[in-house]
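Below, each chain spelled out in residue letters.
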Amino acid sequence: MTDAVELVDNDFLRQFELKTEDHFAKIEYSLQERKIFLTKLIIPEGISDENFTTDFLKLVLENIEERNLSVVPTSPEIAKFIRRNRQYKKLLPVGLRI
């Protein structure tokens, strides 16, 4: 991933967006009370770099942590990422196991 990327929280469309030179990746979400439901991960087909997805998810989860929200990953790809990266399990609501 390049250094010139910026994570955008598009409140109107309810999605986190990451734009690079040629690509536009997004994670759709639903915000309810103090929980954010990550519903869909969309990575463009032109991106084959696995590190891009990992870096994108880390940026989103760090942003959510700064906002003191709980994460409910309803997307299988995001749940799998949190399962493999235990440091983000603290963001899950009490009683939720993935």
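Everything numeric in this text was worked out from a predicted model, so none of it was measured.

Chemist: Can you help me understand the overall build of the protein chain in this one?
Modeler: Along the backbone of the protein chain there are two helices and five strands. Order of helices (α) and strands (β) in the protein chain, N terminus to C terminus: β-β-β-β-α-β-α. Over its C-alpha atoms the protein chain spans a radius of gyration of 13 Å, differing by no more than 12% from the 13 Å that the globule rule assigns to 98 residues. When the 98 residues of the protein chain are sorted by exposure, 37% land in the buried category. Each charge sign in the protein chain was given a centre, from 15 positive and 17 negative side chains, and these centres are 11 Å apart.

Chemist: Is there a simple way to explain the sheet that holds strand β1 (residues 7-10) in this structure?
Modeler: Two strands in a sheet stick together by hydrogen bonds in their backbones, pointing the same way (parallel) or opposite ways (antiparallel). Reading across from one edge, β1-β2-β3-β4-β5 is the order of the five strands in this open sheet, with mixed pairing throughout. Strands with a single pairing partner mark the edges of an open sheet, and in this sheet they are β1 and β5 (70-73). Recorded for the sheet is a direction-independent mean angle of 30 degrees between the axes of neighbouring strands. Pairing of strand β3 (residues 24-32) with strand β4 (residues 35-42) involves seven bridges; the strand directions are antiparallel.

Chemist: I would appreciate a short explanation of the pairing of strand β2 (residues 15-19) in the present structure.
Modeler: On a regular strand, one side chain projects to one face of the sheet and the next to the other, so that they alternate. Across the five residues that make up β2, a large majority, four, are buried. Relative to β2, β1 is paired through four bridges, and the arrangement is antiparallel. Pairing of Val-8 across the sheet is with Glu-17, part of β2. Hairpin geometry of β1 and β2 is characterised by an intervening segment of four residues between the two adjacent antiparallel strands and by a positive phi of about 55 degrees at Arg-14. As paired elements, β2 and β3 share five bridges and run antiparallel to each other.

Chemist: Help me understand the layout of surface pockets in this model?
Modeler: Over the atoms rolls a probe the size of a water molecule, and in doing so it shows where empty space is left. Quantified by volume, the largest pocket comes out at close to 200 Å³. Taken together, Leu-41, Glu-50, Thr-53, Thr-54, Leu-57, Glu-77, Lys-80, Phe-81, Arg-84 and Asn-85 make up the lining of the largest pocket. Its residues assigned to classes, the lining of the largest pocket comprises three nonpolar, three polar and four charged.

Chemist: Just to check I follow, could you spell out helix α2 (residues 76-84) for this structure?
Modeler: Side chains of residues three or four places apart in an α-helix project in the same direction, reflecting 3.6 residues per turn. The complete set of buried residues in α2 reads Ile-78, Ala-79, Phe-81 and Ile-82. Projected onto a plane normal to the axis of α2, the buried residues spread over an arc of 160 degrees and lie on a single side. Residues of α2 that are exposed and point more than 90 degrees away from the buried face comprise Pro-76 and Arg-84. Against the buried residues of α2 lie β3, β4, α1 (50-66) and β5.

Parameters at a glance
Residues numbered from 1 in each chain as written. Predicted model: local features only at pLDDT ≥ 70, side-chain atom pairs only at ≥ 80, totals over all residues. Heavy atoms only, no water. Helix = DSSP H or I, 4+ residues; strand = E, 2+ residues; numbered from the N terminus. Rg over C-alpha atoms; globule rule 2.2 N^0.38 Å. Buried < 20%, exposed > 50% of the residue type's maximum accessible area, 1.4 Å probe, protein only. Lys, Arg positive; Asp, Glu negative; His and termini not counted. Charge placed at Lys NZ, Arg CZ, Asp CG, Glu CD. Pairing = 2+ DSSP bridges. Axes fitted to C-alpha atoms, helices over the stretch in contact; angles between N-to-C directions. 1 Å grid on protein atoms, 1.4 Å probe; cavity = no way out; pocket = protein on both sides within 12 Å on 5 of 7 lines; lining within 4 Å. Points joined across faces, edges and corners; volume = space filled by probe spheres on them. Nonpolar A, V, L, I, M, F, W, Y, C, P; charged D, E, K, R; others polar. Arc of directions from axis to C-beta. Contact = heavy atoms within 4.5 Å.

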